[in-house]
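Listed here are the chains, written in short residue letters.
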Amino acid sequence: METRHLRYFLAVADHGSVSRASEWLGIAQPALSQGLGRMEKDLGVRLFERSRRGSAPTPAALAILEDVRASVARIDAAAHRARDIRLRVIRFAR
C-alpha cells in the first residue's frame, strides 16, 4: 500500500464521500477512486459502500481506521524529524 492511498482512505472516511474527499485533497475524483480500488485490492476487502448519498465505511474500514490514522501520523512525524535534521545539518555546515 502506498501512503497516498492511506491518505485517500482517511479523507473519504472523514468527509463521507469520494467527491468531497477529492475536493479536499485537491485531486481528481477518478484518481481517488482508483487509489481506493488499489488499496481494496491489496487488502482483499471492500472499504466503502458507495451510494448517491456518499460513502459509508464497511466493517473492515472501521476496523482499520484508527490504525491507519496512527500510521499516517507516525509517517508525517518521521518526515518532519528528517526535515528538521536536514535543516540542522545545513545550518551546522555553514
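Source: prediction; values computed, not measured. (Residues numbered from 1 in each chain as written. Predicted model: local features only at pLDDT ≥ 70, side-chain atom pairs only at ≥ 80, totals over all residues. Heavy atoms only, no water.)

**Q** Honestly, the packing of aromatic side chains in this entry has me stumped. Any pointers?
**A** Ring pairs (aromatic) are described by centroid distance and by the angle formed between their planes. Under the counting rule described, the total for this entry stands at one aromatic pair. Ring centres of F9 and F48 lie 5.6 Å apart, and the angle between their planes is 50°; on these two criteria the pair is classed as tilted. One end of the pair, F9, is in helix α1 (residues 3–15); the other, F48, is in strand β1 (residues 48–51), with 39 residues separating them in the sequence. Using a relative accessible area of 0% as the deciding quantity, one classes F9 as buried. (Phe/Tyr/Trp six-rings, centres within 6.5 Å; stacked < 30°, edge-to-face > 60°. Helix = DSSP H or I, 4+ residues; strand = E, 2+ residues; numbered from the N terminus. Buried < 20%, exposed > 50% of the residue type's maximum accessible area, 1.4 Å probe, protein only.)

**Q** Help me understand helix α2 (residues 18–25) in this model?
**A** Given 3.6 residues to a turn, an α-helix orients residues that are three or four positions apart in the same direction. Looking at α2, one finds that the buried residues are V18, A21 and S22. One side of α2 holds all its buried residues, which, seen down the axis, span an arc of 100°. Those residues of α2 that are exposed and aimed more than 90 degrees away from the buried face are E23 and W24. Contacts made by the buried residues of α2 are with α1, α3 (29–43), β1 and β2 (54–57). Downstream of α2 by one or two residues, G26 has phi in the positive range, about 75°. (Arc of directions from axis to C-beta. Contact = heavy atoms within 4.5 Å.)

**Q** Teacher, can you tell me more about the packing of α2 against α3 here?
**A** Two measures define how a pair of helices packs: the angle their axes make with one another and the distance between the axes. The interhelical angle for the contact between α2 and α3, taken along N-to-C directions, is 110°, at an axis separation of 9 Å. Looking at the two axes, α2 sits roughly perpendicular to α3. Contacts between α2 and α3 involve V18, S19, A21, S22 and L25 from the first element and Q29, L32, S33 and L36 from the second. In the contact of α2 with α3, the residues fall into five nonpolar, four polar and no charged. (Axes fitted to C-alpha atoms, helices over the stretch in contact; angles between N-to-C directions. Parallel < 35°, antiparallel > 145°, perpendicular 65-115°, else oblique. Nonpolar A, V, L, I, M, F, W, Y, C, P; charged D, E, K, R; others polar.)

**Q** Sorry if this is basic, but what is going on with the pairing of β1 here?
**A** Regular strands place side chains that alternate from one sheet face to the opposite one. Note that β1 and β2 share four bridges and pair antiparallel. Across the sheet, the residue bridging to F48 is P57, located in β2. Linking two consecutive strands that pair antiparallel, namely β1 and β2, is a turn of two residues. (Pairing = 2+ DSSP bridges.)

**Q** Would you mind going over the environment of A63 with me for this structure?
**A** With respect to the secondary-structure elements, A63 resides in helix α4 (residues 59–93). Under the relative-accessibility criterion, A63 is labelled exposed at 56%. Distance from A63 to A31, taken between C-alpha atoms, is 24 Å for residues 32 residues apart in sequence.

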